[in-house]
Amino acid sequence: MAKIVPLFSSSKGNSYYIQGNSTAILVDAGRNLKQLEAALALNDLSLRSVRAIFVTHEHTDHISALKVLLKRYDIPLYATRGTLDALTASDKVPASARLNVIENFVETADFRVARVQTSHDAAESCGFFIETPDSRRLSIVTDTGYLTEDARMAISRSNLAVVESNHDLNMLKNGPYPYILKKRILSDSGHLSNPACAEALPDFVGAGLTRIILGHLSEENNLPSLAVSEAIRSLTAAGMTVDSDYTIDVAPVETNRKSISF
Ligand SMILES: [Zn+2]
Ligand SMILES: [Zn+2]
């Protein structure tokens, strides 16, 4: 059985470890290397089993470990051309790094990983649709102002999905962020709100998704309890029952040593 270990999730840093049979991949590496290694060690894991690193886009909270990590570990990096160009131009990856462009999908370490279209203010951001060695399917879709058709399709085909539930609209509106930043978060190329996430979930569970992980929650403008209750309210209204039709978790800011099998 495949499993995912959410290591970090928030605007402070994001990283997910995905375990297949004997190999693993990492999606995003958005803390420093020491913190990443410590989070893996807490879960009795290490970068030595990671065969490939995928990054969604070049924002710091997704890539900050890369430069040191890729110097110390000979692990290939996969991203869109736009993301790789942005990383190279800003000197965020070492010259020796093994960089691989994902045009549509790649097959590596017994995983098949396809890019999924997101809408975000980055060079060429994406999410991922991942098929594990035992044919389990998972999507990771965060950092998107809205759910694109492509993202909806990928999540509908998944057994497990990490979906962004970034902010509560009232908390964001009444919160401390400057107007320009609020506008950015709310825009079509910003971040997905609790209600935008919640309204989409019934279609996904109806299509066969059984494991929901809400991700990239804002520490300033959201609470795990708000995101979860909004999601459950929407699913309940569609006649779906938590812990029977689906399970729901929140990706923690820092690992809580919980892995989710799928
Ligand atoms: Zn982010
Ligand atoms: Zn971002």
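Residues numbered from 1 in each chain as written. Chains lettered and ligands numbered in written order. Predicted model: local features only at pLDDT ≥ 70, side-chain atom pairs only at ≥ 80, totals over all residues. Heavy atoms only, no water.

Draft legend 1. Broad picture of the coordination of the zinc ion (ligand 2). At this site the zinc ion (ligand 2) is bound by His57 (NE2), His59 (ND1), His120 (NE2) and Asp143 (OD), with donor distances of 2.2 to 2.6 Å. The coordination sphere of the zinc ion (ligand 2) comprises four donor atoms, whose angles at the metal cover 89 to 175°; the geometry is irregular. In the primary structure, the donors to the zinc ion (ligand 2) are separated according to the pattern H-x1-H-x60-H-x22-D. In this model, the zinc ion (ligand 2) sits 3.5 Å from the zinc ion (ligand 1), the two metals being bridged by Asp143. (Donors = N, O, S within 2.8 Å, 3.2 Å for Na, K, Ca; no water. Tetrahedral: all angles 85-135°; square planar, octahedral: opposite > 155°, others 65-115°.)

Draft legend 2. Examining helix α5 (residues 149-156) more closely. When we look at burial in α5, the residues that qualify are Ala151, Ala154 and Ile155. Here the buried residues of α5 occupy an arc of 95° about the axis, which is enough to place them on one side. In α5, those exposed residues whose orientation departs by more than 90 degrees from the buried face are Glu149 and Met153. Residues of α5 that are buried make contact with β8 (111-117), β9 (126-131), β10 (137-141), β11 (160-164) and α8 (194-207). (Buried < 20%, exposed > 50% of the residue type's maximum accessible area, 1.4 Å probe, protein only. Helix = DSSP H or I, 4+ residues; strand = E, 2+ residues; numbered from the N terminus. Arc of directions from axis to C-beta. Contact = heavy atoms within 4.5 Å.)

Draft legend 3. Quick look at the sheet that holds strand β3 (residues 24-27). If you trace the seven strands from one edge of the open sheet to the other, you get β6-β5-β4-β3-β2-β1-β14, paired in mixed fashion. What marks the edges here is a single partner per strand, and that holds for β6 (99-101) and β14 (260-261). One ladder, built from four bridges, connects strand β2 (residues 15-19) with β3; its direction is antiparallel. Its bridge partner being in β3, Tyr16 is matched across the sheet by Val27. (Pairing = 2+ DSSP bridges.)

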